[in-house]
Amino acid sequence: KVDLMQQYLGTASGGDGSAAYRRVTQAMARKALDDAHDFGASFVRVAISGTSPIQSGQRGDLDLWLRDPAAYWKLIDQMMSDLESRQLKIVPVFVWNLAQFPNMTGEKVDVFFREPDSQAWGLLERYVREFITHYKQRPALLFYEIGNELNNAADLDIETRCSKGQKVLVCGA
């Protein structure tokens, strides 16, 4: 359920994060969790930091976290409570899009991975630390996943795809 966090923030499906979007996207999220529970699923994998920005300068899935951490964690608390009420666990994936954190700081992906003092790495480290601090005792937590298919860019020949104008998460990274 890659977009679960985004649904709780009201930014899934192009939402602007407003209360009106949150009302709809959270209802969609709860319906998906009900369906997962009814189907017998025991956990969901979630891009807990989101996937955006895809390019530097774009709106990002962690903008609320950066702007108003208390409001952000309150929404994630709702998500965790909804998971627990359905006896579902979460596998939070911290890096779904390997260019997300570099795009948030204007750095290149290679700097993110090679330089532990980079701004992007520091931002990821801060997010992971805050998430774990908030939720390490929650029954909904199954285990943590650092990254989703981080080698995918090499496997898919991203350079060629980007040069052809195909929509790929890491173009320009």
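Residues numbered from 1 in each chain as written. Predicted model: local features only at pLDDT ≥ 70, side-chain atom pairs only at ≥ 80, totals over all residues. Heavy atoms only, no water.

(A) Quick peek at the pattern of salt bridges. Evaluation of the coordinates by the stated rule reveals ten salt bridges. Across the pair Arg-86 and Asp-34 runs a salt bridge whose closest N-O atoms are separated by 2.5 Å. Residue Arg-86 is located in the loop between α4 (69-85) and β2 (89-95), and its partner Asp-34 is located in helix α2 (residues 19-39); the two are separated by 52 residues in the primary sequence. A relative accessible area of 13% means that Arg-86 is categorised as buried. Assessed through its relative accessible area of 31%, Asp-34 is described here as partly exposed. With a closest N to O distance of 3.0 Å, Glu-145 and Arg-45 form a salt bridge. With Glu-145 in strand β3 (residues 145-147) and Arg-45 in strand β1 (residues 43-47), this pair connects stretches of sequence that are 100 residues apart. What makes Glu-145 buried here is its relative accessible area of 19%. Its relative accessible area of 29% is what places Arg-45 among the partly exposed residues. (Salt bridge = Lys/Arg side-chain N within 4 Å of Asp/Glu carboxyl O. Helix = DSSP H or I, 4+ residues; strand = E, 2+ residues; numbered from the N terminus. Buried < 20%, exposed > 50% of the residue type's maximum accessible area, 1.4 Å probe, protein only.)

(B) Structural view of the packing of α2 against α4. It is at 10 Å that the axes of α2 and α4 come closest, and there the two elements cross at 25°. Here α2 lies roughly parallel to α4, going by the angle between them. The element α2 and its partner α4 pack so that their crossing is right-handed. Contacts between α2 and α4 involve Arg-22, Gln-26, Arg-30 and Leu-33 from the former and Leu-75, Gln-78, Asp-82 and Leu-83 from the latter. Its residues placed into classes, the contact of α2 with α4 shows three nonpolar, two polar and three charged. (Axes fitted to C-alpha atoms, helices over the stretch in contact; angles between N-to-C directions. Parallel < 35°, antiparallel > 145°, perpendicular 65-115°, else oblique. Left-handed = near helix turned anticlockwise from the far one by under 90°. Contact = heavy atoms within 4.5 Å. Nonpolar A, V, L, I, M, F, W, Y, C, P; charged D, E, K, R; others polar.)

(C) Spatial organisation of the pairing of β2. Counted residue by residue, β2 has six buried out of seven residues, so it is predominantly covered. Pairing of β1 with β2, which is carried by five bridges, proceeds in the parallel orientation. Its bridge partner lying in β2, Val-44 is registered against Ile-90. (Pairing = 2+ DSSP bridges.)

(D) Focus on a nonpolar patch on the surface. A surface patch of nonpolar side chains, about 270 Å² in accessible area, is lined by Phe-43, Leu-142 and Phe-143. The topology assignment puts Phe-43 in strand β1. The exposure class assigned to Phe-43 is partly exposed, which follows from its relative accessible area of 39%. (Patch = residues over 30% accessible without salt bridge, like charges linked within 9 Å, V, L, I, M, F, W, Y side chains within 5 Å. Areas by Shrake-Rupley, 256 points an atom, 1.4 Å probe, with all protein chains shown as cover.)

(E) Fine view of the packing of aromatic side chains. Counting across every chain of the model gives 14 aromatic pairs. Taking 6.3 Å as the distance between ring centres and 55° as the angle between the ring planes, the aromatic pair formed by Trp-73 and Phe-131 counts as tilted. Taken together, the positions of Trp-73 in helix α4 and Phe-131 in helix α7 (residues 119-135) put the pair 58 residues apart, joining distant regions of the chain. Exposure class is identical for Trp-73 and Phe-131. Each is buried. When the ring of Trp-73 is compared with that of Tyr-135, the centres are 5.8 Å apart and the planes differ by 55°; the resulting orientation is tilted. A residue pair is termed long-range when its members are at least 10 positions apart, and Trp-73 in helix α4 and Tyr-135 in helix α7 qualify at 62 residues. Residues Trp-73 and Tyr-135 agree in their burial class; the two are buried. Stacked on the ring of Trp-65, the Lys or Arg Arg-126 has its end atom at 4.4 Å from the ring centre. (Phe/Tyr/Trp six-rings, centres within 6.5 Å; stacked < 30°, edge-to-face > 60°. Lys NZ or Arg CZ within 6 Å of the ring centre and 35° of its normal.)

(F) Spotlight on unusual backbone geometry. Across the junction of Ser-52 and Pro-53, the peptide omega takes the value 20°, indicating a cis bond. The phi dihedral of Gln-87 falls on the positive side, at around 55°, and the residue is not glycine. Tracing the chain through its elements places Gln-87 in the loop between α4 and β2.

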